Amino acid sequence: MSTLNFNKDSFSIDNLSWASVDSAKLPEKSEENWKYLKWGKLKKINFHGDFKNYLSNLDDLDLPQLDGYTIVIENGVFNDKLSHIPTHLDGLEFSFTKNTSEVKEDSYFDILNTCFVNKSVNIRTVANAIIKEPINIVNVITSSEGFVNTNTHLYLSTNSSLTLNEFYLASDKTTNGLTNHQCSISIDKEAKLVLNRYQYPNHNFQICKDVILQEEDSYYTSNNFSSSGILVRNDVRVKVSGENCHTELNGIFTPSSNEFIDNHTLIDHVAPNCKSFENYKGLIKSNGIGVFNGKVIVEKDAQRIEAFQQNNNILIHDDSTVYSKPELEIYADDVKCSHGSTTGQFDDEALFYLRSRGLSQDSAMEYLTLGFVHEILDCFKNLNHREFILKKFLLN
């Protein structure tokens with residue numbers, strides 16, 4: 001049986017949870033959704049759960065300017081000293097609760113999250129509340145070879161709106177740690193959520209899964225930026241259960257130097273008269289491996305759906321690798337749907353033109369890179385965060 005290794009004495013979970021952990025197994029390469037992942041590096045580590053809060057200042061972390069409210073989760077535990085949450089805010093409710101969910105027979109990492117998570121972060125908007133200030137969740141791992149589990153529950157009530165920024169990173173000297181994150185999102189009638197996610201765990205691992213439920217007339221936008229990590233896996237599953245919904249998934253992923261970034265998305269249109277747009281761009285550098293597997297399902301009764309999916313990739317070096325598989329499953333007959341994928345390298349003539357105008361090789365590549373990603377970059381509305389992304393993928 002293929003499993004991860006744990007120093008059991010360092011974790012505070014009961015025997016029943018350990019029984020669930022021990023009986024679970026890692027996904028195998030024969031499973032379509034996991035076929036490109038190699039578990040060798042993860043299986044060599046003996047993960048521990050003995051954590052302390054080491055951070056004394058957010059300035060020690062590589063973060064852009066954070067406006068609004070900030071929740072800091074260090075090694076899976078709420079760091080109240082570094083967090084900034086108002087004691088009272090009209091329209092917004094925060095809570096931190098122990099996980100009492102029963103273990104469900106889903107994926108390996110779902111089981112681990114249920115068994116190991118300390119407390120869940122719960123955020124709820126009140127009906128008709130327009131939250132103007134963004135919420136920032138900073139998820140940081142500061143212990144090498146640590147196994148961290150985090151869980152977020154987000155509920156947007158009717159006709160409310162919210163912007164959430166999530167950061168996943170590690171402190172400078174932290175290596176071979178694993179963050180296993182789960183997020184459940186419910187978006188009620190006429191509510192609007194924008195989720196911006198920034199992933200740069202560097203010499204660490206991250207598994208991330210989002211499950212989103214949209215009710216009628218709701219709006220959901222996800223902007224995802226993955227710039228580094230030994231292994232980063234993103235699972236996004238959106239169920240559009242109400243009519244007249246807008247769903248948008250945007251992403252940039254930039255693996256390099258033996259890094260592996262894997263994106264799997266699913267948009268399931270159950271109700272009619274909805275629109276979905278998906279646009280992911282991969283910028284794959286030397287020895288990096290990227291994956292995009294996106295599926296859109298249009299159910300039988302979901303007539304008059306407009307669904308568009310695109311994945312474009314640039315291989316910066318000859319040893320860069322990307323696997324792309326956009327998919328459509330359409331069971332309705334009155335739809336407008338398309339999907340596509342391109343993979344290639346920057347045009348030599350464009351590069352020569354820029355060089356002939358006096359630009360260095362590096363500067364010319366930067367211009368071409370910006371031209372390639374700008375439409376995704378523009379989805380991140382905060383200018384400070386946009387500059388932060390630019391710095392990350394140009395330096396990575």
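Please read these numbers as outputs of a predicted model, since none were measured by experiment. (Residues numbered from 1 in each chain as written. Predicted model: local features only at pLDDT ≥ 70, side-chain atom pairs only at ≥ 80, totals over all residues. Heavy atoms only, no water.)

Enquirer: Explain the pattern of salt bridges here, please?
Expert: Pairing is possible between side chains that carry opposite charge, provided their charged atoms lie close to one another. Inspection of the entire model under this criterion finds 14 salt bridges. With a closest N to O distance of 2.9 Å, glutamate 32 and lysine 325 form a salt bridge. Taken as a pair, glutamate 32 in the loop between helix 1 (15-23) and helix 2 (40-43) and lysine 325 in strand 20 (residues 321-330) lie far apart in primary sequence, 293 residues in all. Owing to a relative accessible area of 35%, glutamate 32 belongs among the partly exposed residues under this scheme. What makes lysine 325 partly exposed here is its relative accessible area of 32%. We note a salt bridge from aspartate 110 to lysine 209, for which the minimum N-O separation is 2.7 Å. Of this pair, aspartate 110 sits in helix 3 (residues 108-116) while lysine 209 is found in strand 12 (residues 205-214), placing the two residues 99 residues apart along the sequence. This pair shows no difference in class: aspartate 110 is buried, exactly as lysine 209 is. (Salt bridge = Lys/Arg side-chain N within 4 Å of Asp/Glu carboxyl O. Helix = DSSP H or I, 4+ residues; strand = E, 2+ residues; numbered from the N terminus. Buried < 20%, exposed > 50% of the residue type's maximum accessible area, 1.4 Å probe, protein only.)

Enquirer: Looking at this structure, I do not really get helix 1. What am I missing?
Expert: Helical geometry: 3.6 residues make up each α-helical turn, so side chains three or four residues apart lie on a common side. When helix 1 is considered as a whole, its buried residues turn out to be Ser17, Trp18, Ser20 and Val21. Down the axis of helix 1, the buried set is contained in an arc of 160 degrees. They therefore lie on one face. Looking at helix 1, the residues exposed on the side facing more than 90 degrees away from the buried face are Asn15, Leu16 and Ser23. (Arc of directions from axis to C-beta.)

Enquirer: I'm lost on a negative patch on the surface in this one. Help?
Expert: A contiguous patch of negative charge on the surface is contributed by Glu190, Glu216, Asp217 and Glu243. In this structure, glutamate 216 sits in the loop between strand 12 and strand 13 (219-226). (Patch = residues over 30% accessible without salt bridge, like charges linked within 9 Å, V, L, I, M, F, W, Y side chains within 5 Å. Areas by Shrake-Rupley, 256 points an atom, 1.4 Å probe, with all protein chains shown as cover. Lys, Arg positive; Asp, Glu negative; His and termini not counted. Charge placed at Lys NZ, Arg CZ, Asp CG, Glu CD.)

Enquirer: Explain the nonpolar core here, please?
Expert: The nonpolar side chains of a soluble globular protein tend to be buried with one another. Ranked by size, the top nonpolar core spans 43 residues in total, and within it Ile123, Ile135, Ile185 and Tyr220 carry the most contacts. The element contributing the most residues to this core is strand 14 (residues 231-240), with 4 residues. Leave out the neighbours within four places in its chain, and tyrosine 220 touches Ile185, Ile187, Leu193, Leu195, Ile212, Gln214, Val238, His246, Thr247, Glu248 and Leu249. With 30 residues, the next largest nonpolar core counts Tyr200, Ile252, Leu377 and Phe388 among its residues. (Core = buried A, V, L, I, M, F, W, Y, C linked by side-chain atoms within 4.5 Å. Contact = heavy atoms within 4.5 Å.)

Enquirer: Just checking my understanding: could you explain the pairing of strand 9 (residues 161-170) for this structure?
Expert: Working note: regular strand, side chains alternate between the two faces of the sheet. Within strand 9, 9 of the 10 residues are buried, which leaves it mostly tucked inside the rest of the structure. Two strands pair when backbone bridges link them, and strand 7 (residues 135-141) and strand 9 are joined in this way by 7 bridges, in the parallel orientation. For valine 140, the partnering residue across the bridge sits in strand 9 and is leucine 169. Sheet analysis places strand 9 next to strand 11 (residues 192-200), joined by 9 bridges and oriented parallel. (Pairing = 2+ DSSP bridges.)

Enquirer: I'm lost on the packing of helix 1 against helix 3 in this one. Help?
Expert: Helix packing for two helices is described by the angle between their axes and how far apart those axes are. Their axes nearest at 10 Å, the elements helix 1 and helix 3 cross at an angle of 165 degrees. Between helix 1 and helix 3, the angle is such that the two are roughly antiparallel. For the pair helix 1 and helix 3, the sense of crossing is left-handed. Judged by residue contacts, Ser17, Trp18, Ser20 and Val21 of helix 1 engage Ile111, Leu112, Cys115 and Phe116 from helix 3. By residue class, the composition of the contact of helix 1 with helix 3 is 6 nonpolar, 2 polar and no charged. (Axes fitted to C-alpha atoms, helices over the stretch in contact; angles between N-to-C directions. Parallel < 35°, antiparallel > 145°, perpendicular 65-115°, else oblique. Left-handed = near helix turned anticlockwise from the far one by under 90°. Nonpolar A, V, L, I, M, F, W, Y, C, P; charged D, E, K, R; others polar.)

Enquirer: Got a minute to help me understand the state of the cysteines in this structure?
Expert: In a disulfide, the sulfur atoms of two cysteines are held together by a covalent bond. The final tally for this structure, using the stated rule, is 0 disulfides. In this structure cysteine 183 is a free cysteine whose sulfur lies 7.4 Å from that of cysteine 208, the closest cysteine sulfur available. Cysteine 183 gets classed as buried once you look at its relative accessible area, which sits at 3%. The closest cysteine sulfur to the non-disulfide-bonded cysteine 274 is located on cysteine 245, 4.5 Å from its own sulfur. On the accessibility criterion, cysteine 274 (1% relative accessible area) is buried. (Disulfide = S-S within 2.5 Å.)

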